[in-house]
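Examining the three-dimensional arrangement
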Amino acid sequence: MLLPITLTLAAGCALLNLWLAFRCARIRVGSKALHGDGGDPLLARRMRAHANFTEYTPIILILFALIELALGSPLWLWIGALVYVVARAAHGIGMDADHPTLWRAGGALLSWIVTAALAVTALYVAYHATRAVPAPPAMAAR
């Protein structure tokens, strides 16, 4: 299978996106706020958690896909994908509070760590690792 990590991560992110959206929708229906947050502070925080997820996730999926194409599917990349999904769920839970929480801070910090690690890996692959590899492992004939 081509890109098993990225496909699994994309599926996990899609489900997490639906969960974050559902959390907003439940409050929106209950408060009859058709647009915006209707002045509900919890809905505003949940909307921001959902928006934050959708801001970070596209670049993460792109980095995972390109790194996986270049290097294959190493265990550390699987772990990074799991950490990202758990971190974003934790951030969403932490955003419910009206004060700083370990869930929110930890989720954000882990997301940043995964993003930075992927960026460094992508630069390494672009300028070092691929020079010795004629074809990406994921696309090489087996």
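The structure reproduced in this document is the subject of the present report. (Residues numbered from 1 in each chain as written. Predicted model: local features only at pLDDT ≥ 70, side-chain atom pairs only at ≥ 80, totals over all residues. Heavy atoms only, no water.)

What follows concerns the overall build of the chain. The secondary structure content of the chain amounts to 4 helices and 0 strands. The linear arrangement of helices and strands in the chain, starting from the amino end, is α-α-α-α. By principal-axis analysis of the C-alpha atoms, the chain measures approximately 60 × 25 × 20 Å. Counting contacts in the chain only where the partners sit at least 6 residues apart, residues at least 24 apart contribute 70% of the total. When the accessible surface of the chain is summed, it comes to about 8400 Å², and 73% of that surface belongs to carbon and sulfur atoms. Across the chain, 11 positive and 6 negative side-chain charges occur, with their mean positions spaced 5 Å apart. (Helix = DSSP H or I, 4+ residues; strand = E, 2+ residues; numbered from the N terminus. Contact = heavy atoms within 4.5 Å. Areas by Shrake-Rupley, 256 points an atom, 1.4 Å probe, with all protein chains shown as cover. Lys, Arg positive; Asp, Glu negative; His and termini not counted. Charge placed at Lys NZ, Arg CZ, Asp CG, Glu CD.)

Right, let's get into the side chain of Ser111. The topology assignment puts Ser111 in helix H4 (residues 102-127). Given the relative accessible area of 0%, Ser111 is considered buried. In this structure Ser111 touches Tyr84, Ala87 and Arg88, once residues within four positions along its chain are discounted. (Buried < 20%, exposed > 50% of the residue type's maximum accessible area, 1.4 Å probe, protein only.)

Here we take up the packing of helix H2 (residues 41-71) against H4. H4 packs onto H2 with a crossing angle of 40 degrees between their chain directions and a minimal axis gap of 10 Å. Accordingly, the angle class assigned to the pair H2 and H4 is oblique. Between H2 and H4 lies a crossing of left-handed hand. In this structure, H2 contributes Tyr56, Ile60, Leu63, Phe64, Ile67, Ala70 and Leu71 to the contact, and H4 contributes Trp112, Val114, Thr115, Leu118, Ala119, Thr121, Ala122 and Val125. For the contact of H2 with H4, a count of residues per class yields 13 nonpolar, 2 polar and no charged. (Axes fitted to C-alpha atoms, helices over the stretch in contact; angles between N-to-C directions. Parallel < 35°, antiparallel > 145°, perpendicular 65-115°, else oblique. Left-handed = near helix turned anticlockwise from the far one by under 90°. Nonpolar A, V, L, I, M, F, W, Y, C, P; charged D, E, K, R; others polar.)

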